[in-house]
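Here's the letter readout for the chains.
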Amino acid sequence: MNTSSMRRRRLAVLAAVAVSTALSVAIGVQLAGYGLPLALLLACCLSCLASFSSLLFRLVDGWSMTTHRCTASGCDFQVRLTHAGAAESRRWQEIATRHPDHRTP
């Protein structure tokens, strides 16, 4: 992974953390108007933060992921690669195409 892609990924992760935090604080502010106890308000905000962060981190990882699937009809075999070079990606594409165990859903 080169420095520009590392920088882009780092910025995407920071943006995901910022968006998750902003959404959690917004929900906390709305819930605070109902007079919730501080412990319950904190629990709700932290659970929202964890959920939003998990979702956004999956999206960030999905942008840099390549998926190779078996070409046989009805086979659900697949390989997912993250930050793979062209040669490594090609090698796994061939492995996915020629794997011996063709699984059907």
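Structure first, text after, so check above.
So, how was this worked out
Residues numbered from 1 in each chain as written. Predicted model: local features only at pLDDT ≥ 70, side-chain atom pairs only at ≥ 80, totals over all residues. Heavy atoms only, no water. Axes fitted to C-alpha atoms, helices over the stretch in contact; angles between N-to-C directions. Helix = DSSP H or I, 4+ residues; strand = E, 2+ residues; numbered from the N terminus. Parallel < 35°, antiparallel > 145°, perpendicular 65-115°, else oblique. Left-handed = near helix turned anticlockwise from the far one by under 90°. Nonpolar A, V, L, I, M, F, W, Y, C, P; charged D, E, K, R; others polar. Disulfide = S-S within 2.5 Å.

Engineer: Lay out the packing of helix 1 (residues 3-32) against helix 2 (residues 38-63) in plain terms, naming residues and giving numbers.
Structural biologist: With their axes 8 Å apart at the nearest point, helix 1 and helix 2 run at an angle of 155 degrees to one another. On the basis of the axis angle, helix 1 is roughly antiparallel to helix 2. As for the relative orientation of helix 1 and helix 2, their crossing is right-handed in sense. Here the contact of helix 1 with helix 2 is built from residues that sort into 19 nonpolar, five polar and two charged.

Engineer: Would you mind going over the state of the cysteines in detail, with residue names and values included?
Structural biologist: In this structure the tally under the stated criterion is zero disulfides. C48 carries a free sulfur, and the closest cysteine sulfur to it, the one in C45, is 6.6 Å from it. Of the cysteine sulfurs around C75, a residue in no disulfide, the closest is that of C70, at 3.8 Å.

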